[in-house]
Amino acid sequence: MATETHTEETFSPAERTEALEDILTERGLVDPKVLAGLIRNFEENVGPMNGAKVVAHAWVDPEYRARLLADGRAAAEELGFKGAQGEAIIALENTDTVHNVVVCTLCSCYPWPLLGLPPSWYKDPAYRARAVREPRRVLAEFGLELGEGVEVKVWDSTAEVRYLVLPQRPAGTESLSEEELAALVTRDAMVGIATVPAPGS
Amino acid sequence: MDGVHDLGGMENLGAVELPERDEPVFHEPWEGRIFAIGAICQTRLTGANLDAFRFAIDRTPPEEYLALPYFNRWLRMAETLLTETGTLAPGAIDARVRRRRGEAVEEPPAPEPNRPDYKATGPGSLRSVDDPPRFAPGSRVRTVDLHTSGHTRLPRYVRRREGTVGRVQPAQVLPDTNAHFIAENPQHVYSVRFDSTELWGPEAEPFSLYIDLYESYLEAV
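First things first, this report covers the structure right here in the doc. (Residues numbered from 1 in each chain as written. Chains lettered and ligands numbered in written order. Predicted model: local features only at pLDDT ≥ 70, side-chain atom pairs only at ≥ 80, totals over all residues.)

1. Overview of the overall build of chain A
Basically, it comes down to this: Helix and strand labels come from DSSP, where a helix needs a run of H or I of at least four residues and a strand needs a run of E of at least two; each type is numbered from the N terminus. Once C-beta atoms have been placed from the backbone, residue pairs whose C-beta atoms lie within 7 Å are recorded as contacts.
Each helix and strand counted, chain A has 11 helices and 4 strands in total. For chain A, the spread of C-alpha atoms along the principal axes amounts to about 60 × 35 × 35 Å. If you take every contact in chain A between residues at least 6 apart in sequence, the share linking residues at least 24 apart comes to 71%.

So, in structure tokens, the structure goes:
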């Protein structure tokens, strides 16, 4: 059990992480340059800008939208997005009458190739506990009030399937380019705690 | 394990944390470092797998799990996997912290390696299964009354509940046995829909809960 490692004095995770890296580097088990490369990749290349491109493409291309809803992984790969935590991807379509929201109650499973690493609120115990019990109240706390007629679907990612919410395209965006549309799409809308705001709102 | 990680439905945890504007991927340098170390701990450093990795995170001491930053769980996971596979001696990290602080502390020597004698049969977690799926979309199912101190992905809040199979997902390695290096036991996986009132009683908010469950978690109704 991990509790065996408790000491009388507790050290900060930062200090303990530095000590661990020190030991592993000294023994030739990790290469600080490799660690830096991994970190940079997740800071610069893997993030919600990828999912936003998928969503915007689905908004402008009905055939792509159909392929995305049929096989999310294949559709993501079409745009070059694949990797760890993306073995099986399902896109969940929000409509006027259905609102989807994604959670992982057991840990923080998240579609890395499309959204990167999860934000703090997604990993926070309150969200994980409450999203599967009182989702409307939770969404209202995030500022999203859903009408009575909207059916709420909550998806708990317990296995290796990852979910991407396909938000509704906001009104008044007919003249925008695909790139401009992608810039409107937020991470939070692709998890389902927000909608995509109309431009300028 | 019925641990603190199994949070679905727990009450009294307060308001949700609101999204942080322009949140960085890592809030502090150590978070990035332990993420990267943890990522290679999973296989290359320890011979463990994704499910063993999750089980190690689950065993974070509960007071730390709830109170410390998220990436502290990755630090605990790395320490657990590294010590269990004989890569790192118990207490080695704290001893090194003291040494770095200038204390004259003896550090434990590197232990005998104890890596699991276990190999994945393929990349990732998806596998093919020869037997046909036991359930089909529309099948009524009940979750089993599961009690294990080991790893499982059947959360407490959906045990002994009746639901309806939605779609049949790709077959996957069973975490319950894979986490303990027993066997991959690939199974069919189903997206099962539960009515909120089945989970939380007649006064529950109306909504549908969809959750991915392995075939051995389910019985026909």
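2. With respect to the packing of helix α2 (residues 50-58) of chain B against helix α4 (residues 71-84) of chain B
Residue and element names in this part refer to chain B. Here is the rule we go by: Orientation is described by axes fitted as lines to C-alpha atoms, over the contacting stretch for helices, and by angles from 0 to 180 degrees between their N-to-C directions. Handedness of a helix crossing follows the sense of rotation of the near helix relative to the far helix, less than a right angle counterclockwise being left-handed and clockwise being right-handed. When residues are grouped by polarity, Ala, Val, Leu, Ile, Met, Phe, Trp, Tyr, Cys and Pro land in nonpolar, Asp, Glu, Lys and Arg in charged, and all others, Gly among them, in polar.
At a minimum axis distance of 8 Å, the contact between α2 and α4 shows a crossing angle of 115 degrees. Relative to α4, the crossing made by α2 is right-handed. Two secondary-structure elements touch here, α2 through Ala52, Phe53, Ala56 and Ile57 and α4 through Arg73, Met77, Thr80 and Leu81. Tallied by class, residues from the contact of α2 with α4 come to 6 nonpolar, 1 polar and 1 charged.

3. Structural notes on the interface of chain B and chain A
At the interface, 73 residues of chain B touch 64 residues of chain A. Residue assignment for the side of chain B that touches chain A shows that the elements contributing at least two residues are α1 (29-45), α2, α4, α5 (92-100), β2 (162-172) and β4 (208-214) of chain B. In terms of residue count, α1(B) provides more of the side of chain B that touches chain A than any other element does, 10 residues in total. Among the residues making up the side of chain B that touches chain A, the classes are represented as 43 nonpolar, 14 polar and 16 charged.

4. Digging into the sheet that holds β2(B)
The condition is simple: Only strands that DSSP links by at least two bridges are regarded as paired with each other.
Taken in spatial order, the 7 strands line up as β2(A)-β3(A)-β4(B)-β3(B)-β2(B)-β1(B)-β5(B) in an open sheet, and their pairing is mixed. Strands with a single pairing partner mark the edges of an open sheet, and in this sheet they are β2 (98-103) of chain A together with β5 (218-220) of chain B. Neighbour to neighbour, the strand axes of the sheet diverge by 35 degrees on average, direction disregarded. Here strand β3 (residues 151-156) of chain A runs beside β4(B); their pairing, made up of 4 bridges, is parallel. Of the residues in β4(B), the one forming a bridge with A:Trp155 is B:Tyr210.

5. A short note on the packing of helix α1 (residues 13-26) of chain A against α4(B)
Helices that pack against each other are described as a pair by the angle of their axes relative to one another and the distance between those axes. Relative to each other, α1(A) and α4(B) sit at 35 degrees, their axes nearing to 10 Å. Remark: the crossing between α1(A) and α4(B) carries left-handed chirality. Contact residues: α1(A) offers A:Pro13, A:Arg16, A:Thr17 and A:Leu20, while α4(B) offers B:Phe71, B:Asn72, B:Leu75 and B:Ala78. Its residues assigned to classes, the contact of α1(A) with α4(B) comprises 5 nonpolar, 2 polar and 1 charged.

The values are spatial; any link to function lies outside them.
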